[in-house]
Amino acid sequence: MKKMNNRWQSVLLSLALFGLAACTGDFEDINRNPNQVTDDQMDALNYKTGTKFKALQSLVIPVQEHMYQFNESLSGGPFGGYIGATVDTWQTKFETYNPSAKWPFANVITETYTPYKGIVNGTEDEVAIAFARLLRVAIMHRVTDSYGPIPYSKLESNESVYVEYDSQEAVYTKMFEELDEAIEILGRNTTLPAEAWSRYDGVYYGNIAQWLKYANSLKLRMAMRLSYVKSDVARAKAAEAIAGGVIEANADNAAMHAAENRTTLIYNDWGDHRVGADILCYMNGYKDPRMEKMFLANDVGDYVGIRIGIDVTSKSQAMSKYSNMIVASDTPYLWFNAAEATFLHAEYELRWGSAETAKTLYEQAVRLSFEERGASGADAYLVDATKKPAPYTDPLGNYSASARSEITVPWETATDGSDTEAVQERNLERIIVQKWIAIFPLGVEAWSEHRRTGYPKLLPVPTDKSGGSVNVEQGARRLPYPVEEYQQNNANLQAAIQTLGAEQQNGDRSGDVMGTRVWWDCKPYNK
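Residues numbered from 1 in each chain as written. Predicted model: local features only at pLDDT ≥ 70, side-chain atom pairs only at ≥ 80, totals over all residues. Heavy atoms only, no water.

Draft legend 1. Fine view of the environment of Glu445. Examined against the element boundaries, Glu445 turns out to sit in helix H19 (residues 443-453). At 2.7 Å, the side chain of Glu445 and the side chain of Arg225 are in polar contact. (Helix = DSSP H or I, 4+ residues; strand = E, 2+ residues; numbered from the N terminus. Polar contact = N/O pair within 3.5 Å; in protein donor to acceptor, adjacent residues only side chain to side chain.)

Okay, structure coming up:
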């Protein structure tokens, strides 16, 4: 690929002057500003491709504050037990199952495909194309996990975004193909000098070997998502990812370092959300040392969350009585950490390998999370079998509830005469609960894993406005398609809704509603 050079300062200057040359006649050579950047200069600096690469990174976990709020704070975060709204005028919202708008799908798809197509159709650089395909998967697996069938295969070759949908099974099949292609290319280019991409890489600053670990980790996440619906595919793909090398150390964590973390507006300035009761009930019960590293105490010094799915009567009161998350302007946007990859590996061993190895990996993952958060006491935490999730006591006295789970932290070893399946299921719950704590605030991922496994066990929504389209005990299973699809792409949308129904297993709702289950969400509901 073309090498980066040291002319960046002159390019910045010339970009500022770009287009200011005189426009008399068509004497291009005469009228060209001598400081104006040329196509050759932009190619030499990788500018055209690099800026599109950076744009795609900004969409994996959206860095724009409104898009982030729509995708994480308003939908994935509440459904994953992480975040609840404080705004007293919001009477129609995702967490009470009656959203007035359905933004995430349209925004992310629209924003993704301009830079994506700009790379795959605009360069022959195999590393650039590998990055584009990897990042499309990183962005779009969150979209299909939220909706089910989505437009995917037809979008690459079509100028319009209003195209036929793919089934979720077809989307996952295509995504694995693209991931495998990207992994193969990245694997051949791990010695590429970092400066080739460092200007445009807010995650690993051009380190291809670290990108390869992220790609394999993403493949492992997606493989385990299919553990109930296609266990043979899940096992094979997970084994490939593990063998290829996943994130195992916090130094390799994937996180986007933006110029500014604008979720500070959402949580610190606007105060539209507070931490959910669910995660703080688990962590309070466990006396979890990470709690003070992740959250702020309320006005009386307690760590207490807001019950998700209520109609707030006073925003100012909610802001003071419920804990906030800790986020600063220089906090990177987490994509994937070593703890998550290690918990996924532990689950792989629990299902298809060695229970002893699963235990070792589980404990290693907890220690990695403690290390990442700067907390001490992991060893004591891992052996304390007395502590269980705490009941919820609402400081405002309105929505208190008993604990939903009695799961403890220490790994359980099956003994002669014990119910080995029950022990395995309890250890699965341990893995998922601890992973849930470790990956905060990745709401869409937490929600996806809750749907796949039934863990963690979350408090039901007190204020159900779904009109019966959601089984409140089980919570939202997907997002409804946006109104724009009904207006602009209705024929294809109706076919997609039929596909959604055909792919569903073990469901008790149907149609384009929040209670319908997506293809991989097929485990019988936990009792």
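The discussion continues.
Draft legend 2. Examining helix H21 (residues 490-503) more closely. Taking 1.5 Å as the rise per residue, H21 with 14 residues should run 20 Å; its terminal C-alpha atoms sit 20 Å apart, in good agreement. Listed as buried for H21 are Leu493, Ala496, Ile497, Leu500 and Glu503. Around the axis of H21, the buried residues are gathered within 130° of arc, so they sit on the same side. Of the residues in H21, the exposed ones pointing more than 90 degrees away from the buried face are Ala491, Gln498 and Ala502. (Expected span 1.5 Å × (residues − 1). Buried < 20%, exposed > 50% of the residue type's maximum accessible area, 1.4 Å probe, protein only. Arc of directions from axis to C-beta.)

Draft legend 3. Representation of helix H9 (residues 208-225) within the structure. In this model, H9 (18 residues) spans 26 Å end to end at C-alpha, consistent with the 26 Å of a helix rising 1.5 Å per residue. Most of H9 sits inside the fold, with 16 of its 18 residues counted as buried. N-capping of H9 is provided by Asn207, with a side-chain oxygen placed 3.1 Å from the backbone N of Ala209.

Draft legend 4. Structural context of the layout of surface pockets. Counted as a void, the largest pocket has a volume near 610 Å³. Thr331, Pro332, Leu334, Glu372 and Arg373 are the residues nearest the centre of the largest pocket, which is lined by 25 residues in total. Only helix H5 (65-79), helix H13 (291-294), strand S4 (333-336) and helix H16 (355-373) provide two or more residues apiece to the lining of the largest pocket. Of the residues belonging to the lining of the largest pocket, the class tally is 15 nonpolar, six polar and four charged. Here the second largest pocket is characterised by a volume of approximately 490 Å³. If you go around the second largest pocket, you meet 31 residues; those closest to its centre are Arg404, His450, Leu458, Glu473 and Gln474. Looking at the lining of the second largest pocket, the elements that each hand over two or more residues are H5 and H19. Element by element, the count of residues in the lining of the second largest pocket is highest for H19, at four residues. Partitioned by chemical class, the residues of the lining of the second largest pocket number 13 nonpolar, seven polar and eleven charged. (1 Å grid on protein atoms, 1.4 Å probe; cavity = no way out; pocket = protein on both sides within 12 Å on 5 of 7 lines; lining within 4 Å. Points joined across faces, edges and corners; volume = space filled by probe spheres on them. Nonpolar A, V, L, I, M, F, W, Y, C, P; charged D, E, K, R; others polar.)

Draft legend 5. Local environment of the packing of aromatic side chains. With the rule as written, the count across this model stands at 28 aromatic pairs. Ring geometry for Tyr147 against Tyr481: centres 5.8 Å apart, planes inclined by 15°, an arrangement best described as stacked. One end of the pair, Tyr147, is in helix H7 (residues 126-147); the other, Tyr481, is in the loop between H19 and helix H20 (483-488), and 334 residues separate them in sequence. Its relative accessible area of 2% is what places Tyr147 among the buried residues. On the basis of an interplanar angle of 80° and a centroid distance of 5.1 Å, the ring pair of Tyr282 and Trp436 is categorised as edge-to-face. Within this pair, whereas Tyr282 is found in helix H12 (residues 277-285), its partner Trp436 is found in helix H18 (residues 420-438), the two being separated by 154 residues in sequence. (Phe/Tyr/Trp six-rings, centres within 6.5 Å; stacked < 30°, edge-to-face > 60°.)

Draft legend 6. Seen up close, the environment of Glu473. Relative to the helices and strands, Glu473 resides in the loop between H19 and H20. Between the C-alpha atom of Glu473 and that of Ala194, which follows or precedes it by 279 residues, the distance is 50 Å. A polar contact is formed between the side chain of Glu473 and the side chain of Arg404, at a distance of 2.9 Å.

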